[in-house]
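The primary structure of each chain is shown beneath.
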Amino acid sequence: MSYQLTNEDKISIIDQHLRNLEFSKYNYQMTILEENAAAEPDQTAIDAVNEKIGQISAKIAALEAEKAPLLG
């Protein structure tokens with residue numbers, strides 16, 4: 001038996017992924033906040049976390065692009 005996903009199903013799945021990515025992004029932002037609160041912030045660590053935030057932002061953009069035509 002074959003089952004076709006509706007656009008609503010696909011949007012729901014994409015939204016779940018987007019939500020998880022937003023959680024991760026916020027978590028990394030809090031990591032930067034914590035690191036900046038240290039007496040001597042580790043700039044290398046901050047740069048690494050900013051790189052991860054950039055990667056998450058790219059993933060979010062890709063998912064939003066996938067979602068846009070489904071909203072049609």
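Report on the accompanying structure. All residue numbers refer to position in the chain's written sequence, counted from 1. A pLDDT threshold of at least 70 governs which residues receive local features in this predicted model, and a stricter bar of 80 or more applies before side-chain atom pairs are shown or counted, although totals over entire chains, interfaces and linings include all residues. The side-chain numbers reported here are obtained from all heavy atoms of the structure, hydrogens and water having been left aside.

Per the convention used, a helix needs a DSSP run of H or I reaching at least four residues, while a strand needs a run of E reaching at least two, with both numbered from the N terminus. What the protein contains, in helices and strands, is 2 helices and 0 strands. Radius of gyration here is computed from C-alpha atoms only, and the compact-globule reference equals 2.2 Å multiplied by the residue count raised to the power 0.38. In terms of C-alpha radius of gyration, the protein reaches 17 Å, well past the compact-globule figure of 11 Å for 72 residues. With respect to the three principal axes, the spread of C-alpha positions in the protein is 60 × 20 × 20 Å. Residue burial is assigned from relative accessible area. The probe radius is 1.4 Å, only protein chains are included, and a residue is buried under 20% of its type maximum, exposed over 50%, and partly exposed in between. Counting across all 72 residues of the protein, residues that qualify as buried make up 18%. Considering only intrachain contacts with a sequence separation of at least 6, the fraction spanning at least 24 residues in the protein is 71%. Taking the average location of the 6 positive side-chain charges in the protein and that of its 12 negative ones, the two points are 7 Å from each other. Whether two residues are in contact is decided by their heavy atoms, any of which lying within 4.5 Å being enough. Lys and Arg are tallied as positive, Asp and Glu as negative. Neither His nor the chain termini are counted. In plain terms, the charge of a residue is placed at NZ if it is Lys, CZ if Arg, CG if Asp and CD if Glu.

Another point: the nonpolar core. Nonpolar side chains tend toward joint burial in soluble globular proteins. The definition of a nonpolar core used throughout is a set of buried Ala, Val, Leu, Ile, Met, Phe, Trp, Tyr and Cys residues joined through side-chain atoms within 4.5 Å. Among the nonpolar cores identified, the biggest contains 7 residues, and these are Ile 11, Ile 14, Leu 18, Leu 21, Ile 56, Ile 60 and Leu 70. Sorting the residues of this core by element identifies helix H1 (7–37) and helix H2 (43–71) as the ones contributing at least two each. Sort the elements by how many residues they give to this core and H1 lands first, with 4 residues. Not counting residues within four places of it along the chain, the set of residues in contact with Leu 70 comprises Asn 7, Lys 10, Ile 11 and Ile 14.

What follows concerns the environment of Glu 22. Considering the arrangement of structural elements, one finds Glu 22 in helix H1. Given a relative accessible area of 41%, Glu 22 falls into the partly exposed group.

Nonpolar side chains (Val, Leu, Ile, Met, Phe, Trp, Tyr) are joined into patches within 5 Å and like charges within 9 Å, using only residues with over 30% relative accessible area and no salt bridge. Each accessible area is a Shrake-Rupley estimate made with a 1.4 Å probe; only the visible protein chains count as cover when residues are assessed. Any Lys or Arg side-chain nitrogen found within 4 Å of a carboxyl oxygen on Asp or Glu counts as a salt bridge. Together, Tyr 3, Leu 5 and Ile 13 give the surface a local cluster of nonpolar side chains, amounting to about 320 Å² of exposed area. Its place among the elements puts Tyr 3 in the segment before H1.

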